[in-house]
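Chain by chain, the residues:
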Number of protein chains: 2
Amino acid sequence: MVDKPAPRRVTIIDVARHAQVSTTAVSKVLRNAYGASPAMRAKVQQAIAELGYRPSAAARGLRGQTYTIGVMIPELRNLFFADILDGITAQLAGTDYQVLIAPGCNGEKAEARVIDAMIDRSMDGLVLIAPVSAKTRLIEVARRVPTVVVGRHGSSPAYDSVADDDVAGAALVVDHLADLGHRRIAHIEHHETDRVRLAEMPNARRADGYREAMRRRGLAGFIDIASTSYTHDGGYRGAKELLSRAPRPTAIFAGADVVALGALEAIAEAGLSVPGDISVAGYDNSALASFGPISLTSVDQDGRQMGADAARLLVDRIADRDRRPVQVQLSPTLAVRRTTAAVSLE
Amino acid sequence: MVDKPAPRRVTIIDVARHAQVSTTAVSKVLRNAYGASPAMRAKVQQAIAELGYRPSAAARGLRGQTYTIGVMIPELRNLFFADILDGITAQLAGTDYQVLIAPGCNGEKAEARVIDAMIDRSMDGLVLIAPVSAKTRLIEVARRVPTVVVGRHGSSPAYDSVADDDVAGAALVVDHLADLGHRRIAHIEHHETDRVRLAEMPNARRADGYREAMRRRGLAGFIDIASTSYTHDGGYRGAKELLSRAPRPTAIFAGADVVALGALEAIAEAGLSVPGDISVAGYDNSALASFGPISLTSVDQDGRQMGADAARLLVDRIADRDRRPVQVQLSPTLAVRRTTAAVSLE
DNA sequence: CTGAAAGCGCTAACAA
DNA sequence: TTGTTAGCGCTTTCAG
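Residues numbered from 1 in each chain as written. Chains lettered and ligands numbered in written order. Predicted model: local features only at pLDDT ≥ 70, side-chain atom pairs only at ≥ 80, totals over all residues. Heavy atoms only, no water.

Trainee: How do you make sense of the relation of the copies chain A and chain B when you look at a structure like this?
Mentor: For the match of chain A to chain B, the screw axis carries a shift of 0.1 Å, the RMSD comes to 0.1 Å, and the turn is 180 degrees. Taken together, the rotation and translation describe the operation of a two-fold axis. Residue by residue, 98% of the interface of chain A is reproduced at the interface of chain B, so both copies engage with the same surface. (Least-squares fit on C-alpha atoms with pLDDT ≥ 70 in both. Contact = heavy atoms within 4.5 Å.)

Now the structure itself:
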C-alpha cells in the first residue's frame, strides 16, 4: 500500500479543457440549466465521468446553491423524528439535494446555535422539527433562508408548516377511553409556560385537546393533569403523582410514548396491572409502542408523510421564494393495543 | 409584521471597515491565529458583535477549513449510535467545530454516495460509524480527508479507529450463561459473506467470540448458530429457527438488543417463558435493554466514550495529518438483568 | 447556443 | 505586528 498523496482536486476547468468547451458550458450541464445543446451536454458528461469530477459544494455555495438541506432534530432518540426524516430523505431521493442533520439542540440557546451553523454553511433550505425558538426568531430565519417548520402549530407569513392535528389526537384517546367506560382519565403533560408556545407547541395542544374532549364528554369534573416533561422520567414522576391521589385515575393518557413507558414503570412498581387496574395510552405510535411485550395504545401521526410534505414544500419554496406560505395539517389515527381496556368494576 | 427583505450579508470587509483594520486582521481574529495584538483583537471582536457578523463557511472552505465534522450514521434508530454521537458532540462542544450527520446509508452504494457528499462539502473531518465499504475505499477516503472509523476492527495506515472488543463481549455472555449452568447456548448472528468484513465487522467478531468462548468452556459440541440479520425481524426468525431444533437451546445470545427483542417475541409466541424456560442476552445495552418491563441482560459498550475518543483523534489528525494512525480498543462489560437465570432442571 | 470575464467571501503568502 | 494581493472553484452576467 504505497502512501501516495491525494492528487490535486479535479476542477471545472479540467473538465472544460478535457471536453474542449468553456467552463460556463460545464456549469450549465451541472445545473441542467438552459442553453446547452445535447451534443455539448454529452461531451461534458463524458468528460465528467472520465475525470471523476465532483463539483465543490463550497465553491458553488459562494455564488449559487449548495444543494444541501439542513434538518434540525431536537432529539435523535425520538423515533418519531426518525420517521419524519425518512419521509424527507425519501422525497428528496433522486434530486440533487443532500440532507444533513444538525443534532443535539435541546433548548432555545442550542437551537439558535445550530440554526446559525446551518445558515453559515449556506444551506439551501431548512427543515426545523418542533423548534422551541421564539416566533420572531423563526420568521427572521425564514426570511434569510427557505424554511419549513414541522410539528408546530400557528401560521406565519414567512415559512411553510406541517403539523399533525394534536387536538384531534388527544380527542381520539379521550373518546376511546370514555367509550370503554373510563371517567377518571388523567393526563401527563409537558410543562409549558411561554405564551406563544402554549398556543403553538404540540404538547400544549395535546393538553388543550384533552381538556376540551373531557368537557365534551361531560367529564370536566374529572380533568386531572400531572405537569412534568416529555421524557421517560417525566412519565414515571407524573404517574407516581397521579397514583397518589384518591381516588386514583383508571386511565392515563401520556403525551408521548416515552412518557407512557415511564408511567408503565411507575404503575408496575405500585403493584398495579395494566390494563386490569389502569389503562395507559401514549402518543406517536413509535416502534416501542408496537413492540409485542409492550403493545401500547398510541396515537399515530404519519411521520413519513409529514417529512415528505415538508421536503416537497421546501423544494417548492427554494424554486419560488415569494409564493404564499402554506400550512399542511394531517389527521392522526389511533392504534389500539393491549394497554387499554374497559374500566374494571369497583 | 412588515415584509422587509433580508438585508445584504455582512462580510469580513464590512467588519474590517467598521473596525478600521484590514480584512487579514479580521481573519486572524476569527481563526485565533498568530499575529494580532490584544488591542486589535478587542477592536475586531467589538465590530463583529456590533454588526452581528458571521463568517461564511462556504467561503472559508474554499481556502481553509469549514469547521464542519461529518458523521456517517448507518441507522438513526440504533440507540447505540446515538450514544456515540453524544460522545462526539460532547467532546467537540466548546470548539469551533460543528457536527453534521449524514443519514440513511444502508448498503455500500448509499454509503459511497453519502461519503462523497461529505467530501464535496469540504468537511474538515469524517467519523464513519460501522462503515460497510471495502477497505480500499476507506483508505482512499481517509487520504483525502482526515477520517476516524468507529466500530470496525482492523487497522489501516490511513485512518484512526475506535472499536469495542467484540470478541471479549461475546465471551462475557457465554461465560455468564455457562456459569449459570447453561450448555446449549445458541447464537443469532448477522449473516456475512465478504472476506474482509468477516474479519473486521463487529457482527462477525461477536460470532467468532461466541465460538471461541464455547470451545474454551468445553461446549464446542453445543455451538448452534442461526444466521439472519441484526434487526427485530432477524431476531424473530432466528429464534423461531433455534426453537424448532431438538433439543432446543436453554439460552440465546443475540448479537444485538433489537435482535434479542425479536427473539423475545418469538419465544413468547411459542408459549415459553423468559428466563424460566430460556435465557436471552443481547448486545449494546441500549435504552431498550434497561427499560424495566424488558430488563434485558446485555453487553455494554461505552458508546459515549467511543464517540469522545473518535472526536479527539479526529481533531488531533486535522491538526497533524501525518501523525501515525492509532487504534483505540475499549473493553465491554456485562449488564446482568432479568432475562438470564440459572438453567432449569429438566 | 456559446464563451470571456467578473466576483462571491474568505485565507495564505508575501511585503512593509 | 499589520496590510496588500492573489487566488480557492464555481456561477452569473453580458457579449458574441
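Trainee: What should I look at first to understand the sheet that holds strand 6 (residues 185-190) of chain A in this one?
Mentor: The strands that make up a sheet pair up through hydrogen bonds in the backbone, lying either parallel or antiparallel. All names here are of chain A. On the basis of which strands lie adjacent, the open sheet formed by six strands has the order 7-6-8-9-10-12 and mixed pairing. With partners counted over all chains shown, the strands left at the sheet margins are strand 7 (224-228) and strand 12 (333-335), one partner each. Strand-to-strand twist across the sheet, computed as the mean angle between neighbouring axes with direction ignored, equals 20 degrees. As judged from the three bridges shared by strand 9 (residues 279-283) and strand 10 (residues 297-300), these two strands associate in the parallel manner. Paired with Ala281 across the bridge in strand 10 is Thr297. Its contacts with the sheet place helix 8 (residues 166-179) against strand 6, strand 8 (251-254), strand 9, strand 10 and strand 12, and it is angled at close to 165 degrees to strand 9. Strand contacts of helix 10 (residues 202-216): strand 6, strand 7, strand 8 and strand 9, with the helix running at about 160 degrees to strand 6, the strand carrying the most contacts. (Pairing = 2+ DSSP bridges. Helix = DSSP H or I, 4+ residues; strand = E, 2+ residues; numbered from the N terminus. Axes fitted to C-alpha atoms, helices over the stretch in contact; angles between N-to-C directions.)

Trainee: I keep staring at the interface of chain A and chain B and nothing clicks. Help me out?
Mentor: Interfaces are frequently sized by the accessible area removed from exposure as the parts join. Across the contact, 50 residues belong to chain A and 49 residues belong to chain B. The contact between chain A and chain B buries some 4200 Å² in all, and 62% of this surface belongs to carbon and sulfur atoms. Summed over the three residues of chain A that lose the most area to chain B, namely A:Arg77, A:Arg121 and A:Arg143, the buried surface amounts to 16% of that side. Across the contact surface, chain A and chain B share 15 residue pairs in polar contact (both at pLDDT 80 or more). Secondary structure elements with two or more residues in the side of chain A that touches chain B: helix 4 (57-63), helix 5 (79-92), strand 2 (98-102), helix 6 (108-120), helix 7 (135-144) and helix 12 (257-269) of chain A. Examining the composition of the side of chain A that touches chain B, we find that six residues originate from one element, helix 5 of chain A, more than from any other. Of the residues belonging to the side of chain A that touches chain B, the class tally is 28 nonpolar, nine polar and 13 charged. (Buried area = accessible area lost by both parts, 1.4 Å probe. Polar contact = N/O pair within 3.5 Å; in protein donor to acceptor, adjacent residues only side chain to side chain. Nonpolar A, V, L, I, M, F, W, Y, C, P; charged D, E, K, R; others polar.)

Trainee: Hey, could you run me through the environment of A:Gly238 in this one?
Mentor: All names here are of chain A. Among the secondary structure elements, Gly238 is positioned in helix 11 (residues 232-243). With relative accessibility at 0%, the residue Gly238 sits in the buried group. Linking Gly238 and Ala254, residues 16 residues apart in sequence, is a C-alpha distance of 9.1 Å. (Buried < 20%, exposed > 50% of the residue type's maximum accessible area, 1.4 Å probe, protein only.)

Trainee: Please clarify how the domain arrangement of chain A should be interpreted in this entry.
Mentor: All names here are of chain A. Domain annotation for chain A reports domain 1 (12-55), domain 2 (68-164 + 303-327) and domain 3 (166-301). At the interface, 15 residues of domain 2 touch 14 residues of domain 3. Summed over both partners, the interface of domain 2 with domain 3 comes to about 1200 Å²; 50% of that surface belongs to carbon and sulfur atoms. The largest per-residue losses of area from domain 2 upon contact with domain 3 belong to Phe80, His153 and Asp164, which jointly make up 43% of the total buried on that side. Our count for the domain 2 to domain 3 interface comes out at two salt bridges. Between Glu200 and Arg152 there is a salt bridge, and its shortest N-O distance comes to 2.8 Å. Here domain 2 and domain 3 share six residue pairs in polar contact (both at pLDDT 80 or more) between them. When residues of the side of domain 2 that touches domain 3 are traced back to their parent elements, those giving at least two are helix 5 and helix 14 (303-319). When grouped by side-chain class, the residues that make up the side of domain 2 that touches domain 3 number six nonpolar, five polar and four charged. (Domains from an automatic or database assignment. Salt bridge = Lys/Arg side-chain N within 4 Å of Asp/Glu carboxyl O.)

Trainee: Can you walk me through the protein's contact with DNA strand D in this structure?
Mentor: Looking at DNA strand D, there are 26 residues lining it, with A:Ile12, A:Ser27, A:Tyr53, B:Thr24 and B:Lys28 nearest. Interatomic distance of 3.3 Å between a side-chain N/O atom of A:Thr24 and a base oxygen of DNA strand D. Those elements giving two or more residues to the surface near DNA strand D turn out to be helix 2 (23-30) and helix 4 of chain A together with helix 2 (23-31) and helix 4 (57-63) of chain B. Residue contributions to the surface near DNA strand D peak at four residues, all from helix 4 of chain A. For the surface near DNA strand D, the class distribution of residues is twelve nonpolar, nine polar and five charged. (Near = heavy atom within 4 Å.)

Trainee: I would appreciate a short explanation of the protein's contact with DNA strand C in the present structure.
Mentor: Taken together, 26 residues form the shell around DNA strand C, and within it A:Thr24, B:Ile12, B:Ser27, B:Arg31 and B:Tyr53 come nearest. By atom count, sugar and phosphate contribute 60% of the portion of DNA strand C lying within 4 Å of the protein. A:Ser37 places a main-chain nitrogen or oxygen 2.8 Å from a phosphate oxygen of DNA strand C. B:Thr24 places a side-chain nitrogen or oxygen 3.2 Å from a base nitrogen of DNA strand C. Every element with two or more residues in the surface near DNA strand C is listed here: helix 2 and helix 4 of chain A together with helix 2 and helix 4 of chain B. Residues of the surface near DNA strand C, tallied by class, amount to twelve nonpolar, nine polar and five charged.

Trainee: What's the story with the nonpolar core in this structure? I'm lost.
Mentor: Core analysis: the biggest nonpolar cluster contains 56 residues, and A:Val127, A:Ile129, A:Val150, B:Val127, B:Ile129 and B:Val150 have the highest contact counts within it. Here A:Ile129 is in contact with A:Val71, A:Met72, A:Ile73, A:Pro74, A:Phe81, A:Ile84 and A:Val150, once residues within four sequence places are set aside. Counting 52 residues, the second largest nonpolar core, distinct from the first, contains A:Ala226, A:Leu243, B:Ala226 and B:Leu296. (Core = buried A, V, L, I, M, F, W, Y, C linked by side-chain atoms within 4.5 Å.)

Trainee: I tried to follow the pattern of salt bridges on my own but got confused; where do I start?
Mentor: If charged atoms from side chains of opposite charge come close, those side chains can pair. All names here are of chain A. Counted under the stated rule, the structure contains 47 salt bridges over all chains. Of the charged contacts, one joins Asp14 and Arg17 as a salt bridge, the two residues approaching to 3.6 Å between their closest N and O atoms. Taken together, the residues Asp14 and Arg17, both in helix 1 (residues 12-19) and three residues apart, mark about one turn of the helix. For Asp14, a relative accessible area of 16% corresponds to the buried category.

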